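# Summary of structural features
Residues per chain are reported as follows:
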Amino acid sequence: MRKIVIAGNWKMYKTQAEALEFLQAFLPQLNQTPEEREIVLCAPFTALTVLSKNLHGSRARVGAQNIHWEDFGAYTGAISGPMLAELGVRHVIVGHSERRRYAWETDDPIMNLRVKAAQRHGLTPILCVGETKAQRDAGKIESHILGQLKTDLAEVDQENLIIAYEPIWAIGTGETCPADEANRVIGLIRSLLTNANVSIQYGGSVNPTNIDEIMAQPEIDGVLVGGASLKAESFAQIVNYQS
Ligand code: 13P
């Protein structure tokens, strides 16, 4: 069965104190959240401990924003699967377009290795794929995404996997991909997978105003939310969308 997964990606926001303040306002608002919705907060590495301690016994789970492909080694500045698993992290974003753009992390072969490293340590990778505006305008959405999936999912077990369709032009721009178009591309992604039960999220300028329409789409199993996940009030509205 496909799970509904609503995840916040805090990016490089929130100190530990700010994370705690968020939780105090956010967690009480999960009381009415339907049972079947899985809620994840993907925090910076420095806030993971505070989340782990304070989410224990709550509806929300802890997620990280990147993972190294090796378990240990001389990789200055990197964080590995065992380090995340020890903190109670359950999900990890892999291949976010901001990592691809600003940290020069490319598809071949390290996204594939990161996905496998997450699974090896019992974490669910949230693999991000999506096209630029130029690729969309050139009619290359399908070929681009197909290429990403082929490389990133080579020999990957699709049992413990989430995919996020994040059209790059819709991230942080306020320009949401129309819900029916996101639904179409996500349906295409699903047709390329071997496991029909993989949850596929949409990400890109999701907010409390457009969440109902997005989640009403039959192919969309959840959302990956940036800016609107930073405020307890707006993320609670998203998590408690009307079905
Ligand atoms: P915004 O919701 O701020 O557009 O960010 C989306 C995103 O990058 C989630 O990973």
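The following refers to the structure shown.

Reading guide: rules and limits
- Residues numbered from 1 in each chain as written.
- Predicted model: local features only at pLDDT ≥ 70, side-chain atom pairs only at ≥ 80, totals over all residues.
- Heavy atoms only, no water.
- Disulfide = S-S within 2.5 Å.
- Buried < 20%, exposed > 50% of the residue type's maximum accessible area, 1.4 Å probe, protein only.
- Phe/Tyr/Trp six-rings, centres within 6.5 Å; stacked < 30°, edge-to-face > 60°.
- Helix = DSSP H or I, 4+ residues; strand = E, 2+ residues; numbered from the N terminus.
- Lys NZ or Arg CZ within 6 Å of the ring centre and 35° of its normal.
- Expected span 1.5 Å × (residues − 1).

### Topic: the state of the cysteines
A covalent bond between the sulfur atoms of two cysteines is what we call a disulfide. Under the defined criterion, the tally for this structure stands at 0 disulfides. Here Cys-128 is not cross-linked by a disulfide; its sulfur's nearest cysteine counterpart is in Cys-42, at 8.9 Å. Accessibility expressed as a relative area gives 2% for Cys-128, which makes it buried. With no disulfide of its own, Cys-177 has Cys-128 as its nearest cysteine by sulfur position, at a separation of 15 Å. Residue Cys-177 is classed as buried on the basis of its relative accessible area of 2%.

### What about the packing of aromatic side chains?
Here the structure, examined in full by the defined rule, presents 5 aromatic pairs. Between Phe-26 and Phe-235 the ring centres are 5.3 Å apart and the planes differ by 25°, which places this aromatic pair in the stacked class. Taken together, the residues span a long stretch of sequence, with Phe-26 in helix α1 (residues 16-26) and Phe-235 in helix α10 (residues 232-239) at a distance of 209 residues. Accessibility classification places Phe-26 together with Phe-235 in one group, the buried group. Counting every residue linked through ring pairs, the aromatic cluster contains Trp-10, Phe-22, Phe-26 and Phe-235. Sitting above the plane of the Tyr-241 ring, Arg-37 keeps its charged end 3.6 Å from the centroid.

### Focus: α10
With 6 of 8 residues buried, α10 lies mostly within the body of the structure. Listed as buried for α10 are Ala-232, Ser-234, Phe-235, Ala-236, Ile-238 and Val-239.

### Looking at helix α5 (residues 107-120)
Taking 1.5 Å per residue as the helical rise, α5 with its 14 residues ought to reach 20 Å, and the 19 Å between its terminal C-alpha atoms agrees with that figure. Every buried residue of α5 is accounted for by Asp-107, Ile-110, Met-111, Asn-112, Arg-114, Val-115, Ala-117, Ala-118 and Gln-119. The first or second residue beyond α5 is Gly-122, which carries a positive phi of 80°.

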